[in-house]
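Structural overview for review
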Amino acid sequence: MIEALQPYPLHLLGWNAFQELAVSVAEVCLSRPVQTFLPSSDAGRDGAFIGRWDGANPGRSTVQCKFTSKQGNNLSLSLLKDELTKAQRLVELGEADDYIIITNHHVTGESDLAIKTAFLETGVKECRIFGADWINRQIRSSPKLRMLVPRLYGLGDLHDLLDGRAYQQAQMILSAMGDDLQRIVVTDAHRQSVKAISDHSLVLLLGAPAAGKSTIGASIAVGAADRWQCSTVRATSADDLQRHLNPAGGQFFWIDDAWGSKQYQKQTAEAWNQVFPLMHSAMRRGTRFLITSRDYIWRSAKADLKISALPVLNKSQVVIDVHKLSNAERAQILYNHLKFGDQPTKFRSAVKPFLPALARQSNFLPETARRLGSTFFAKNLLPIEEVLTNFFANPRDFLKETLTGLSPECRAAIAVVFLNGGKVRSPVSASELEAGASAFGVRVASVRNELEALNGSVLLLALDEQGHYWTYKHPTVSDAFSAYLAGSPELIEVYLRGAKAETILYEVVCAGETVQGASLVVPGSLNTLLVERIQNVHIANLRTFMSYRSSKVVNALLINQRPDVLSGFNHFSSPITDDADSSLLSKLYRQGLLLEEHRLNFVRSVMDNLINEADASLFENPDLESILRADEMDEVRRLARERVLPRLSDYVERLRSSWDPEYPPDEHFHRLEESVITLCDALNVDGVCDQTPILTLASLVKNAVYQMEDEYEPSPSPSGSSDAPKANSGLSDSIFRDVDD
């Protein structure tokens, strides 16, 4: 029987989080939209709605939450004595035709009768009581509720909710969070994410480092396994996604940091462009996707991504702006991390007076709140307002200081993960341990011990289909460790000697080059060592490194060691700006390393692509445009006037013949329309652009789309769409009233 299952420990929620749960229960399970009130001005009501619970004539109802932090407490009339006076006043004001009590207390039949009788005597027409047992039944019977209140997954036994397969997948997802799910706060960004994944089958979570993207991602992934019985896949790249994609559908893909964890990895863009059509088709068969990215990485990536192949990306972006978190959300996040962290009661009592102000700080980050609740990060932090304020204002400095102050053995353990690109299989091999140990001059055995000691604070032992692996507790640990290494040339040399070659490619830049998020700069004195370590990596990855991170000296050395990196200069695909070899050719041209024969091959490709594909992307990239001489640019413009713009109907017909009916027809010609506008602008005379070709193309496209619409097969609307309930709550100092209990 459901009643015999282990009950949820609702007493661990805290009073404010329990009120939020009650709002969700009322809206999801009782189908009643609830208006909530600020704790300081609720006039005796935690919530209210219009309309009777039994569907009779409309009236005003009052919802009162009664929370206890003591497990197994029974509700009695004496606990509600103060509420009786308030109820009588609300009746006189016409605000309590019905009086609803939602509580995590247990309710006996005798108490139920006594309480209802007392409230009816105040003048309310109906009194209903929903206690802990009833709430537990709603939680177990409603996947929708659990998805909207994901802390419930961290409080209950998932064995009671999910079948064996889904349970194993959920455990793997939760292993990447540690115990953070127990502390999650449902923010507006979380609600928007649930709506996006429900309405569009895809959500793209964007935000700054430490904003909480991965936490929301993990909670939605578990919710998807629960609510839609999706087979969950934690993909690490576009290639990984393609390998695991099931044509039958019914999967949930969670891809963290799709285009790079700290820096934009440009070499990933083409792989994603190729997999976007497959994702589009999979969504039509019930597969859902959750993708996260740092906001600055997404801004760089979208210039290289063919969004038209997956237009839903423009519709389902959820930006987590920590500056837009409400004061109530910030306060609850801070409360949860302190209440359920490992800081002693003495520390929580000492910082309690400063918590409301900390929650209101403009530089508040959820990850900093987690660190404040951890003795590992804040054990020696003085509970003084100025010190606490600075802790939130400079989180990276404090984290770097923490890492610097660790023992050499601890730093060596972090180095083991760092040298392996942020993920190393457990048990860690002797050679991998040795690389970290030698970097800090410690014994291998002590490094293995420190891996275990750091689990849950800086590092995390997580689980996937292949078994256990070590990673960072939070990606910002990698940022801080990079900054720590960057402060010492000796450590940079140790890093170059010990790290995997593929990891080096994505972490370092040569002196004189700049990549946002890259702090490991290789000085000129280590150029030879750098080339020695990376010269044998896959040619595509090496080309990307040479295009964006490498200096002239290092590129010259690499060309000498790997002349095959220039093999792609014989032909360039369309659009020419998307060809990875174009980027490398442009870099070598600027560095004075480009051979003339390769430059001429590029010029021929520009002209061929213009004639065959109406590819005008050259004019969109000043770096590529500068490779052509003035007479060559004149020839390109002549070809555009005489051989491209007069043949617009040919290009439209060719695109129409290659159209997939799964895609909206009006979006199929977007690239051609952009090209024609670009060409007209490039051919303008005395600043005047001839609009005739643009108008001609618009007419041709309109006719083509009209004929294609009969064949268009729009994606069916996903089932399970839902507007997540949103509580209208505000910040009150009282949120922290029991933080030190």
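The structure presented is a predicted model; accordingly, all values stated were derived computationally and were not measured.

Thoughts on the nonpolar core
In terms of nonpolar packing, the biggest core is built from 103 residues, with Phe481, Tyr495, Leu496, Leu530, Phe545 and Phe602 touching the most fellow members. Considering every element that reaches this core, the biggest residue donor is helix H20 (residues 408-419), with nine residues. In terms of nonpolar packing, the next biggest core, distinct from the first, is built from 67 residues, Val25, Phe67, Val203 and Phe364 among them.

Some details on the layout of surface pockets
Roughly 1600 Å³ of volume is contained in the second largest pocket. For the second largest pocket, the lining is made up of 48 residues, of which Lys306, Ser308, Pro575, Asp578 and Arg671 are closest to its centre. Breaking the lining of the second largest pocket down by element, the ones donating at least two residues are helix H27 (539-548), helix H29 (580-590), helix H30 (596-613), helix H31 (622-625), helix H33 (648-657) and helix H34 (670-682). The greatest single-element share of the lining of the second largest pocket, amounting to six residues, is contributed by H34. Class assignment of the residues belonging to the lining of the second largest pocket gives a composition of 16 nonpolar, 14 polar and 18 charged.

Section: the pairing of strand E13 (residues 467-472)
Most of E13 sits out of view: five of its six residues are buried. In this sheet, E13 lies alongside strand E11 (residues 423-425) in antiparallel orientation, the contact comprising three bridges. Counted as the bridge partner of Arg425 is Tyr469 from E13. Sheet analysis places strand E12 (residues 459-464) next to E13, joined by six bridges and oriented antiparallel. From the neighbouring strand, Leu463 faces E13, where its bridge partner is His468. The antiparallel hairpin formed by E12 and E13 contains two residues in its connecting segment.

With respect to helix H1 (residues 15-28)
The first and last C-alpha atoms of H1 sit 20 Å apart over 14 residues, in line with the 20 Å expected at 1.5 Å per residue. With respect to burial, H1 is a largely interior element, 13 of its 14 residues being buried.

Some details on a negative patch on the surface
Together, Asp666, Glu709, Asp710 and Glu711 give the surface a local cluster of negative charge. Its place among the elements puts Glu711 in the segment after helix H35 (692-708). Of the residues examined, Glu711 reaches a relative accessible area of 44% and is grouped as partly exposed.

Some details on the pattern of salt bridges
A side chain with one charge may pair with a side chain of the opposite charge, provided their charged atoms come close. Applying the stated criterion across every chain yields a total of 30 salt bridges. Residues joined by salt bridges that share partners form a network here, namely Glu596, Arg599, Arg629, Asp631 and Glu632.

Observations concerning the sheet that holds strand E6 (residues 202-207)
Ordered by their spatial adjacency, five strands build an open sheet running E7-E8-E9-E6-E10, and the pairing between neighbours is parallel. One side of each edge strand has no neighbouring strand; the edge strands of this open sheet are strand E7 (231-235) and strand E10 (317-320). Across the sheet, the mean angle separating the axes of adjacent strands is 15° when strand polarity is ignored. With four bridges joining them, strand E8 (residues 251-255) and strand E9 (residues 288-294) adopt parallel strand pairing. Within E9, the residue paired with Phe253 across the bridge is Phe289. Across the sheet, helix H9 (residues 213-227) lies against E6, E7, E8, E9 and E10, angled at about 170° from E8, the strand it touches most. The sheet strands contacting helix H11 (residues 269-284) are E6, E8 and E9, and the helix crosses E9 at an angle near 145°.

Calculation notes
- Residues numbered from 1 in each chain as written.
- Predicted model: local features only at pLDDT ≥ 70, side-chain atom pairs only at ≥ 80, totals over all residues.
- Heavy atoms only, no water.
- Core = buried A, V, L, I, M, F, W, Y, C linked by side-chain atoms within 4.5 Å.
- Buried < 20%, exposed > 50% of the residue type's maximum accessible area, 1.4 Å probe, protein only.
- Helix = DSSP H or I, 4+ residues; strand = E, 2+ residues; numbered from the N terminus.
- 1 Å grid on protein atoms, 1.4 Å probe; cavity = no way out; pocket = protein on both sides within 12 Å on 5 of 7 lines; lining within 4 Å.
- Points joined across faces, edges and corners; volume = space filled by probe spheres on them.
- Nonpolar A, V, L, I, M, F, W, Y, C, P; charged D, E, K, R; others polar.
- Pairing = 2+ DSSP bridges.
- Expected span 1.5 Å × (residues − 1).
- Patch = residues over 30% accessible without salt bridge, like charges linked within 9 Å, V, L, I, M, F, W, Y side chains within 5 Å.
- Areas by Shrake-Rupley, 256 points an atom, 1.4 Å probe, with all protein chains shown as cover.
- Salt bridge = Lys/Arg side-chain N within 4 Å of Asp/Glu carboxyl O.
- Lys, Arg positive; Asp, Glu negative; His and termini not counted.
- Charge placed at Lys NZ, Arg CZ, Asp CG, Glu CD.
- Axes fitted to C-alpha atoms, helices over the stretch in contact; angles between N-to-C directions.
- Contact = heavy atoms within 4.5 Å.

None of the figures reported here should be taken as evidence of function without further support.
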